[in-house]
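Take a look at the letters that make up each chain.
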Amino acid sequence: RNRSLIYPANGGRLIDWPKVSKADPATLTDGWRNGEGQQRESEEKPKGPQEFVYAFEKPVNVHTVQLHQNPQWPAKDVEVLTSLDGNVFAPLVKASMPEKGDPNDNFAFCIHRGLKAEARNIKIRVLSGYRQEHWGLGEIEVFGTGATFLPENEETAVTADLHDLKPGTTYHYRLVARNEAGISYGEDRTFT
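On a predicted model such as this, the values are computed, not experimentally measured, just so you know.

Cut-offs used in this document
Residues numbered from 1 in each chain as written. Predicted model: local features only at pLDDT ≥ 70, side-chain atom pairs only at ≥ 80, totals over all residues. Heavy atoms only, no water. Helix = DSSP H or I, 4+ residues; strand = E, 2+ residues; numbered from the N terminus. Buried < 20%, exposed > 50% of the residue type's maximum accessible area, 1.4 Å probe, protein only. Contact = heavy atoms within 4.5 Å. Areas by Shrake-Rupley, 256 points an atom, 1.4 Å probe, with all protein chains shown as cover. Polar contact = N/O pair within 3.5 Å; in protein donor to acceptor, adjacent residues only side chain to side chain. Salt bridge = Lys/Arg side-chain N within 4 Å of Asp/Glu carboxyl O. Phe/Tyr/Trp six-rings, centres within 6.5 Å; stacked < 30°, edge-to-face > 60°.

**Student:** Please set out the overall build of the protein chain residue by residue, giving values where relevant.
**Tutor:** Regarding its fold elements, the protein chain presents zero helices and 13 strands. Mapped in sequence order, the helices and strands of the protein chain form the string β-β-β-β-β-β-β-β-β-β-β-β-β. In the protein chain, which comprises 192 residues, the proportion classed as buried is 40%. Expressed as a percentage of contacts within the protein chain between residues at least 6 apart in sequence, the contacts between residues at least 24 apart total 71%. When the accessible area of the protein chain is evaluated, it comes to approximately 11400 Å², of which 48% is carbon and sulfur surface.

Structure follows, in structure tokens:
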């Protein structure tokens, strides 16, 4: 389950964003790891900061912010601000994003822990990018306390990194879910 405070099922609401985009900005709360179209890309040659503002029904306490990179159009300088009234924002995090991840794109992110900020609103500002054509951003995650976590009724993606695969080989996989009620087995699927 996604525990990010800005995830819609947890009460976060996207209230302002750059209106020119090739992807729905709301998908930024669930990340580029879920496939193409799950990353934000600015208009061509942006002339100023790209801002995303989220609102919470009641104040939350922010303790961790994690920002993921858009591998095609990486952001460079990013800042995160908080507000209790939606008008006056105070700086929380200023970061230079890594251009690339090591060993792969899943590791192109910055994380800031140990934060202490009460917020009714949070603003993410992309100030620059590694390329002039577009500035991008992947998943935005904000963790803390005070959100109302609703029962999740949305499809949830499952990801896993695989290593040492051999080209041309057919691999079988299935999901297995286990809880106090028992075990449920997904259907057998394959990929080559």
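**Student:** Requested: an account of the environment of Glu 187, with residues and values cited.
**Tutor:** Turning to its location among the elements, Glu 187 is positioned in the loop between strand E12 (182–185) and strand E13 (189–191). A C-alpha to C-alpha distance of 8.4 Å links Glu 187 and Tyr 173, two positions 14 residues apart in sequence. Apart from residues lying up to four places away in sequence, Glu 187 is in contact with Tyr 173 and Arg 174.

**Student:** Which residues make up the side chain of Asn 121, and what values go with them?
**Tutor:** Mapped onto the elements, Asn 121 comes out in strand E7 (residues 117–126). Here Gly 86 takes part through its backbone nitrogen, which lies 3.3 Å from a polar atom of the side chain of Asn 121. Dropping the residues within four chain positions of it, Asn 121 is found in contact with Ile 15, Val 53, Tyr 54, Ala 55, Phe 56, Leu 81, Thr 82, Ser 83, Asp 85, Gly 86 and Phe 89.

**Student:** How would you explain the environment of Pro 59 if you had to name every residue and give the values?
**Tutor:** Within the secondary structure, Pro 59 sits in strand E3 (residues 50–68). Taking the C-alpha atoms as reference, Pro 59 lies 9.2 Å from Thr 145; in sequence the two are 86 residues apart. Setting aside anything within four residues of it in sequence, one finds Pro 59 in contact with Leu 84, Glu 118, Ala 119, Arg 120 and Gly 146.

**Student:** Pulling in residues and values, what's your account of the pattern of salt bridges?
**Tutor:** On inspection of all chains with the given rule, the structure shows six salt bridges. Where Arg 125 meets Glu 51, a salt bridge forms, and the shortest distance between an N and an O atom there is 2.6 Å. Taken together, the residues Arg 125 in strand E7 and Glu 51 in strand E3 connect sequence positions 74 residues apart. Judged by its relative accessible area of 25%, Glu 51 falls in the partly exposed class. Between Glu 99 and Arg 131 there is a salt bridge, with its nearest N and O atoms 3.9 Å apart. Placement of Glu 99 in the loop between strand E5 (90–96) and strand E6 (109–112) and of Arg 131 in the loop between E7 and strand E8 (136–137) is noted, with a sequence separation of 32 residues between them.

**Student:** Outline the packing of aromatic side chains, supporting the account with residue identities and numerical values.
**Tutor:** In this description, an aromatic ring pair is defined by two values, namely the gap between the centres and the angle between the planes. As enumerated under the stated definition, the model contains two aromatic pairs in all. Arranged with centres 5.6 Å apart and planes meeting at 25°, the rings of Tyr 171 and Phe 191 form a pair that is stacked. Here Tyr 171 is found in strand E10 (residues 171–173), whereas its partner Phe 191 is found in strand E13, with 20 residues between them in sequence. What makes Tyr 171 partly exposed here is its relative accessible area of 22%. Residues Tyr 173 and Phe 191 carry aromatic rings whose centres are separated by 6.0 Å and whose planes lie at 55° to one another, so their mutual orientation is tilted. One end of the pair, Tyr 173, is in strand E10; the other, Phe 191, is in strand E13, with 18 residues separating them in the sequence. With a relative accessible area of 39%, Tyr 173 lands in the partly exposed category. A residue is classified by how much of its surface remains accessible, and Phe 191, at 31% relative accessible area, is partly exposed.

**Student:** Account for unusual backbone geometry, naming residues and giving values.
**Tutor:** Residue Pro 103 is reached from Asp 102 by a cis peptide bond, and omega for that bond is 20°. Assignment of secondary structure puts Pro 103 in the loop between E5 and E6. Of note in this structure, Lys 45 is not a glycine but carries a positive phi near 45°. Along the chain, Lys 45 turns up in the loop between strand E2 (40–41) and E3. At Asp 164, a position not held by glycine, the phi torsion is positive, near 60°. Turning to its location among the elements, Asp 164 is positioned in the loop between strand E9 (140–145) and E10.

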